[in-house]
Amino acid sequence: MLPQTRYTRTAIALHWVIALLMAVNIALILLVDRYPDDWVRPAVDTHKSIGITVLGLVILRILWRFTHRPPAMPGLYGAFERFAAHAAHGVLYLLMVLLPLSGWMHDSAWKDAGTHPMYLFGLFEWPRIGWIMAIEPTLKETWHTVLGGVHAWAGYVLYAMFGLHVLGALKHQFLDGERELQRMWPGARG
Ligand code: HEM
């Protein structure tokens with residue numbers, strides 16, 4: 001049997017759908033100050049719904065990753081490069097969980113969460129995290145701020161890791177002459 005040179009179709013689909021949803025979610029929220037007033041609430045609600053969807057997809061992706069071995073890295077890569085790639089992928093998985101989870105926790109610590117239920121894409125009510133909502137109000141306000149900070153900082157780390165991830169892929173593709181992008185490109189041949 002030929003050695004596997006590409007990720008499975010499911011892994012490729014999850015990679016690009018999650019990347020796209022995260023990019024849209026970041027653009028949506030970073031532009032929030034430019035929207036007319038009556039767009040702000042729907043935009044933040046859509047941000048929350050996309051984020052929860054990402055959390056679900058990331059859980060699927062991690063389960064898929066544990067049950068499906070990725071293609072081996074090309075032999076040309078040295079020990080440091082292998083380590084750096086694995087470490088960067090590990091941090092990216094961590095951020096893919098931390099971003100939506102910290103957002104959900106931050107939103108659950110919002111003082112008005114009890115009177116403003118969250119609806120997933122306006123379809124059905126999505127629960128807040130009960131034990132966070134139950135925290136005593138002054139302490140909860142502190143947690144709201146701290147979790148908002150974690151959420152924002154996870155975003156900054158994500159921008160840096162995303163940059164490294166893309167630079168690494170481009171280096172392998174164009175400087176090392178490996179068929180790197182083909183490993184994760186939808187429809188490409190191995
Ligand atoms: C793909 C997952 C997510 C990404 C990449 C993401 C990213 C971000 C970023 C970059 C910001 C701006 C932070 C700043 O610089 O101040 C933000 C704000 C926020 N996020 Fe998320 N987020 C995600 C999921 C969620 C989820 C699941 C929720 C809640 C259920 C949520 C709730 C919020 C709230 C309430 C804000 C503040 C919005 C405002 O200005 O009123 N996020 N998010």
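Everything below is about the structure shown above.
Summary of the structure given here. The structure presented is a predicted model; accordingly, all values stated were derived computationally and were not measured. (Residues numbered from 1 in each chain as written. Predicted model: local features only at pLDDT ≥ 70, side-chain atom pairs only at ≥ 80, totals over all residues. Heavy atoms only, no water.)

## A short note on the pattern of salt bridges
Counted by the stated rule, this structure contains seven salt bridges. A salt bridge links Arg41 to Asp45, with the shortest nitrogen-to-oxygen separation between them at 3.8 Å. Residue Arg41 and its partner Asp45 are both found in helix α2 (residues 37-67); the two are separated by four residues, about one turn of the helix. The salt bridge involving Glu81 is made with Lys171; its shortest N-O contact spans 2.9 Å. Residue Glu81 is found in helix α3 (residues 79-108), and its partner Lys171 is found in helix α5 (residues 137-175); the two are separated by 90 residues along the sequence. The exposure class assigned to Glu81 is partly exposed, which follows from its relative accessible area of 23%. Salt bridges sharing partners connect three or more residues here, namely Lys48, Asp107 and Arg128. (Salt bridge = Lys/Arg side-chain N within 4 Å of Asp/Glu carboxyl O. Helix = DSSP H or I, 4+ residues; strand = E, 2+ residues; numbered from the N terminus. Buried < 20%, exposed > 50% of the residue type's maximum accessible area, 1.4 Å probe, protein only.)

## Digging into a nonpolar patch on the surface
Nonpolar side chains collect at one region of the surface, where Leu30, Val91, Trp153, Tyr156, Val157 and Tyr159 lie side by side and expose about 600 Å² of accessible area between them. Counting residues per element, the nonpolar patch draws most heavily on α5, which supplies four residues. Along the chain, the position of Tyr156 falls in helix α5. Judged by its relative accessible area of 43%, Tyr156 is partly exposed. (Patch = residues over 30% accessible without salt bridge, like charges linked within 9 Å, V, L, I, M, F, W, Y side chains within 5 Å. Areas by Shrake-Rupley, 256 points an atom, 1.4 Å probe, with all protein chains shown as cover.)

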